[in-house]
Amino acid sequence: MQTHLRGRDLITLQEWTKEEIDTALEVAFELKRQRALGQPHAILRDKVLAMLFFYSSTRTRASFEAGMAQLGGHAQFIESRTTQIAHGDTAKEIGEILGRYDDGIAIRNVDWGLGNRYIREVAAASRVPVLNMQCDIYHPFQILADIMTIIEKKGHPRGKTITVSWAYAASYQKPISVPQSLILLMPRFGVNVRLVHPPGFQLMPEIVEQAKENARRARAGFEIMDDFDAGMRGTDVVYAKSWGPLLTVKTDAEGAELAARYKDWITDERRMALAREDAIYMHPLPADRNIEVSDAVIDGPQSVVYDEAENRLHVQKAVMALTMT
Ligand code: CP
C-alpha cells in the first residue's frame, strides 16, 4: 500500500503509479464495505471541497457532494453561470483564493484545448489538492470506477479483453476524455484493449502512443480496429460510447454530419451476442437510448451501468480521504 498521497493532485491516473492506484482501489473497497454496514467514516470532518463546474453533470456532482458529506465534510457547488469563474476570475486567482478557503478543489472543464490547461494552472497556484472531475483529455474518476467495477464482476482483470468502441449519438459531440482514459489505464491492469472507431474519430496520437507503451510494459494487447462487429467478437467487456470527431472537424455541424454516416454503430442485442456469453456492458452515462445503445442491452442482464455509476462514489471518497486529510 502507498501511504504518501496526502496533498497530491489527481489530474490524470497516468501521473499516479500502479501502486498508488491500487491503494485508492483498496480504500474504495473498504469504504464501500463500511457504507454497506452502516459504519460511519468521518475521515474528512470539517474539511471543505470546492467543486467548480464549467459544464453540466449529474453523477459527478451528486457523487462528490454525497461523498464529502459521508466523509464528515462539506462540498461547495460553484458553477459558471452564477459565479465569476468563467469571466474575470483567472485560473491562478482561483487556485490561490480557493486554496485558502478549502481543503481540495475539484474542477470539470471539458472545453476542447482549454480544460486540462485550466486545471493545471489552478493546480500550480493551489496549496491544496486539485481533482479533475473531467477535462477535455481525461476523466480519471470515471475510469477508476470502471476498473473497480470490472474487478468486482470479473475478478483479476489480467488477460481479459475490453472493447472501447465509438457508438453513434445524436445529442451532442461528446468529449474524448473517457475513451482516452480507458485506453491508458486498462493495459496497466493487464487488460487487452481493442480501440474501435470509424474513420475520422481517432483519439489524440500522443495518448494512443502512451496507451501502447502502457500495454507493452504490462504485456497486454493493444489493437486499433474500424469494424464494430469484429471488435465485439469474443470480448469480455463492451464499453461502447459516442465521442466527437474533435481531431478531424472544426464545427459541431461538421461533426454531426460525419457521425451521421455511422448511425448503425449501436450496441444492440445482435452485437452483444458477438461478445462472450458472460461479457458485461458498460457506459459512463448519460447514454442516448436506442441510438447509442438499445434499451434491451442497457437494461439487460449483461449491463452493469448502475454498479459502475455507484462506484464513482466509492473511488472519489477514497481519493479525497487519501489526498485531503
Ligand atoms: N459519467 C459522468 O461523468 O456523468 P455526469 O456527466 O452526469 O457527471
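Residues numbered from 1 in each chain as written. Predicted model: local features only at pLDDT ≥ 70, side-chain atom pairs only at ≥ 80, totals over all residues. Heavy atoms only, no water.

*Asks:* Would you explain the overall build of the protein in this entry?
*Replies:* Assigned secondary structure in the protein consists of 12 helices and nine strands. A compact globule built from 325 residues would reach a C-alpha radius of gyration of about 20 Å, and the protein, at 19 Å, matches this within 12%. Per-residue burial over the protein gives 58% buried out of 325 residues. Sequence-distant contacts in the protein: of pairs separated by 6 or more residues, those separated by 24 or more amount to 81%. For the protein, the exposed surface amounts to about 13,600 Å²; the carbon and sulfur share of it is 49%. Charge centroids of the protein, computed over 39 positive and 43 negative side chains, lie 3 Å from each other. (Helix = DSSP H or I, 4+ residues; strand = E, 2+ residues; numbered from the N terminus. Rg over C-alpha atoms; globule rule 2.2 N^0.38 Å. Buried < 20%, exposed > 50% of the residue type's maximum accessible area, 1.4 Å probe, protein only. Contact = heavy atoms within 4.5 Å. Areas by Shrake-Rupley, 256 points an atom, 1.4 Å probe, with all protein chains shown as cover. Lys, Arg positive; Asp, Glu negative; His and termini not counted. Charge placed at Lys NZ, Arg CZ, Asp CG, Glu CD.)

*Asks:* Where do I start with unusual backbone geometry in this structure?
*Replies:* Excluding glycine, most residues fall at negative phi; most peptide bonds, likewise, are trans. Of note, the amide linkage connecting leucine 285 to proline 286 takes the cis form, showing an omega dihedral of 5 degrees. The backbone of glutamine 134 shows a phi angle near 130 degrees, a positive value even though the residue is not glycine. Within the secondary structure, glutamine 134 is located in strand S4 (residues 130–135). Its identity as a non-glycine residue notwithstanding, arginine 219 has a phi of 55 degrees, on the positive side. Within the fold, arginine 219 resides in the loop between helix H7 (205–218) and strand S7 (222–225). Classification of arginine 219 by relative accessible area gives exposed; the value is 71%.

*Asks:* Sorry if this is basic, but what is going on with the nonpolar core here?
*Replies:* A general feature of soluble globular proteins is that nonpolar side chains tend to end up buried together. Of all hydrophobic cores here, the largest spans 104 residues; its most connected members are Leu52, Ile162 and Ile183. Both domains that meet at this core, namely domain 1 (13–139 + 311–324) and domain 2 (142–308), each give it at least three residues. Residue contacts for isoleucine 162: discarding those within four places in its chain leaves Ile150, Leu182, Met186, Val191, Asn192, Val193, Arg194, Thr235, Val237 and Tyr239. (Core = buried A, V, L, I, M, F, W, Y, C linked by side-chain atoms within 4.5 Å. Domains from an automatic or database assignment.)

*Asks:* Can you walk me through the sheet that holds strand S5 (residues 161–166) in this structure?
*Replies:* The strands making up a sheet associate through backbone hydrogen bonding, with each pair oriented either parallel or antiparallel. Judged by pairing direction, the sheet is parallel, and its five strands sit side by side in the order S7-S6-S5-S8-S9 without closing on themselves. For this open sheet the edge positions go to S7 and strand S9 (280–282), each flanked by a neighbour on one side alone. Recorded for the sheet is a direction-independent mean angle of 20 degrees between the axes of neighbouring strands. Note: S5 against strand S8 (residues 237–241), five bridges, orientation parallel. Each bridged residue has a counterpart across the sheet, and for serine 165 the counterpart in S8 is alanine 240. Docked against the sheet, helix H5 (residues 140–154) engages S5, S8 and S9, running at close to 165 degrees with respect to S9. (Pairing = 2+ DSSP bridges. Axes fitted to C-alpha atoms, helices over the stretch in contact; angles between N-to-C directions.)

*Asks:* Which parts of the structure should I look at to understand the side chain of serine 165?
*Replies:* As for its position among the elements, serine 165 is in strand S5. Dropping the residues within four chain positions of it, serine 165 is found in contact with Val196, Phe228, Tyr239, Ala240, Lys241, Trp243 and Trp265.

*Asks:* What is the right way to look at the pairing of strand S2 (residues 74–79) in this model?
*Replies:* Successive side chains on a regular strand alternate, one facing one side of the sheet and the next facing the other. The sheet contact formed by strand S1 (residues 48–53) and S2 spans six bridges and is parallel. Paired with methionine 51 across the two strands is phenylalanine 77, which belongs to S2. For the segment spanning S1, helix H2 (residues 59–70) and S2, crossover handedness is right-handed. (Right-handed = clockwise from strand over helix to strand, strands pointing away.)

*Asks:* In this structure, what is going on with the sheet that holds S2? I would like to understand it.
*Replies:* The parallel open sheet is built from four strands, whose spatial order is S2-S1-S3-S4. Only two strands of the sheet have a single partner each, and these edge strands are S2 and S4. In this sheet, neighbouring strand axes are inclined to one another by 15 degrees on average, regardless of whether the strands run parallel or antiparallel. Docked against the sheet, helix H3 (residues 91–101) engages S1, S2 and strand S3 (104–109), running at close to 140 degrees with respect to S3.

*Asks:* What should I look at first to understand H3 in this one?
*Replies:* What sets the pattern is the α-helix's 3.6 residues per turn: residues three or four places apart point alike. Looking only at H3, the buried set comprises Ala91, Ile94, Gly95, Leu98 and Gly99. Angular distribution of buried residues about the axis of H3 spans 110 degrees; they occupy a single face of the element. Facing away from the buried side of H3 by more than 90 degrees, the exposed set consists of Lys92, Arg100 and Tyr101. Residues of H3 that are buried make contact with S1, S2, S3 and helix H4 (115–125). (Arc of directions from axis to C-beta.)

*Asks:* So what exactly am I meant to see when it comes to empty space enclosed by the protein here?
*Replies:* Taken as a whole and assessed by the stated rule, the structure comprises one cavity of 30 Å³ or more. What lines the largest cavity is simply Thr12, Leu13, Gln14, Tyr138, Pro140, Ile143, Ser181, Leu184, Leu185 and Arg188. Sorting the residues of the lining of the largest cavity by element identifies H5 and helix H6 (177–185) as the ones contributing at least two each. For the lining of the largest cavity, the leading source of residues is H6, giving three residues. Its residues placed into classes, the lining of the largest cavity shows six nonpolar, three polar and one charged. Here the lining of the largest cavity gathers at least three residues from each of two domains, domain 1 (13–139 + 311–324) and domain 2 (142–308). (1 Å grid on protein atoms, 1.4 Å probe; cavity = no way out; pocket = protein on both sides within 12 Å on 5 of 7 lines; lining within 4 Å. Points joined across faces, edges and corners; volume = space filled by probe spheres on them. Nonpolar A, V, L, I, M, F, W, Y, C, P; charged D, E, K, R; others polar.)

*Asks:* Honestly, the pattern of salt bridges in this entry has me stumped. Any pointers?
*Replies:* Should the charged atoms of two oppositely charged side chains come close, the side chains can pair. Using the criterion set out here, one finds 22 salt bridges in the structure. A salt bridge links arginine 120 to glutamate 15, with the shortest nitrogen-to-oxygen separation between them at 2.8 Å. Taken as a pair, arginine 120 in helix H4 and glutamate 15 in the segment before helix H1 (18–36) lie far apart in primary sequence, 105 residues in all. For lysine 212, the salt bridge is made with glutamate 209, and the minimal N-O distance between the two is 3.6 Å. Of the two residues, lysine 212 and glutamate 209 both sit in helix H7, three residues apart, roughly one turn of that helix. Exposure remark for lysine 212: the relative accessible area of 37% places this residue in the partly exposed category. According to the relative accessible area criterion, glutamate 209 is partly exposed, its value standing at 48%. Shared partners join several salt bridges into a network, and the residues in it are Lys154, Asp236, Arg276 and Asp278. (Salt bridge = Lys/Arg side-chain N within 4 Å of Asp/Glu carboxyl O.)

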